[in-house]
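Structural features, examined
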Amino acid sequence: MLEIKSVEKGAELISVKLNGIEKLHDGETFWNRHSPILFPIVGKLKDNKTIIAGKVYEIGQHGFARDLNFEKIGDNSYVLKSNEETLKKFPFKFELYVSYEVKNNKLSTRYKVVNKDEKQMIFGLGGHPAFVCDYSSGKYRIEFEEIEDELKIFQLEDGLVSDKETMVKKYFKENRIFLDKHTFEKDAIIMKNLKSNKVYLKTEQKKILCFDFTGFKYLAIWSKENAPFICIEPWFNTADTVSSEGHFEEKENILKIDSNEEFECKYTVEFFE
């Protein structure tokens, strides 16, 4: 049975216990977060700035939602509404809903973005959950649901997506990514053109979790050197590229919704004993 806890700051999930055993990073050692929400950008902007409708705006890495207090509207359910401060950074009126739902050993994270403005809204969105995992031991791997013969992998240069595609075989073997202490030496691994809707975090002997990211355009994995966790991150878009000219609407796979329209998505994690 799963037990979860979340807080109003960032509407962040801070604990996931399966039969009393913690599965989520403690938010203390190596990294001070558990499962932040990435909105209204994913990753980093070039020079932390972007151009929207001809005006320059400054937004920090992964956006501001993770650092703001949401309004609690139910059990593990929250909303963030745009205000004077958010409009200075991101010129759209919005409502961002976040909820966490448990069914047996499955945890679903749901996002809903509502455009409350009179103009079309463009935005980024993603998840960043960190799961307990001693990945540096070399015992763990990410296994894909489908045969990934069109997979592309990109990495970061000073927080920006490299224009150079990483050699897939550097990380990807036997339809798996075998994790070890060197995996994240160059920061996150960003994957696109995935056929799979699910990946498994496993050891040779057992499944740890199954991560269902159906509908998301990218999947990233990340950790810090020797840290006791791994982040499995479903994204709709990414950081700027190193060659970006800074126009927000030109970001690859930027999300767009018209006035009063809604965008909904979810990802689900199944935990195993």
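This text gives an overview of the structure that appears in the document. Numbering of residues starts from 1 in every chain and runs along the sequence as written. A pLDDT threshold of at least 70 governs which residues receive local features in this predicted model, and a stricter bar of 80 or more applies before side-chain atom pairs are shown or counted, although totals over entire chains, interfaces and linings include all residues. Values shown for side chains rest on all heavy atoms present in the structure; no hydrogens or waters enter the calculation.

1. Digging into the pairing of strand S22 (residues 207-212)
- By definition, two strands form a pair when at least two bridges between them are found by DSSP. A run of H or I in DSSP becomes a helix once it reaches four residues, and a run of E becomes a strand once it reaches two; helices and strands are each numbered from the N terminus. Here strand S21 (residues 198-202) runs beside S22; their pairing, made up of five bridges, is antiparallel. Each residue of the ladder has a partner; that of tyrosine 200, found in S22, is cysteine 210.
- Adjacent in sequence and paired antiparallel, S21 and S22 are bridged by four residues.
- Pairing between S22 and strand S26 (residues 262-271): four bridges, direction antiparallel. The partner of phenylalanine 211 across the bridge, within S26, is valine 269.

2. Looking at empty space enclosed by the protein
- Site definitions follow a grid-based scheme: protein atoms alone, a 1 Å grid, a 1.4 Å probe that fits but cannot get out for cavities, and for pockets an open set with protein on both sides within 12 Å along at least five of seven lines, plus lining residues having an atom within 4 Å of a point. Grid points are joined across faces, edges and corners, and a volume is the space filled by probe spheres set on the points. Enumeration over the complete set of coordinates arrives at one cavity of 30 Å³ or more.
- Of the volumes computed, that of the largest cavity is approximately 50 Å³.
- Considering the residues around the largest cavity, the lining is formed by Leu13, Val16, Leu24, Ser35, Leu107, Thr109, Pro129, Phe131, Tyr267 and Val269.
- Breaking the lining of the largest cavity down by element, the ones donating at least two residues are strand S2 (13-18), strand S10 (106-115) and S26.

3. What about the sheet that holds strand S1 (residues 2-6)?
- Strand order in this open sheet of three strands is S1-S2-S3, and the pairing throughout is antiparallel. A strand with exactly one partner marks an edge of an open sheet, and here the two such strands are S1 and strand S3 (21-22).

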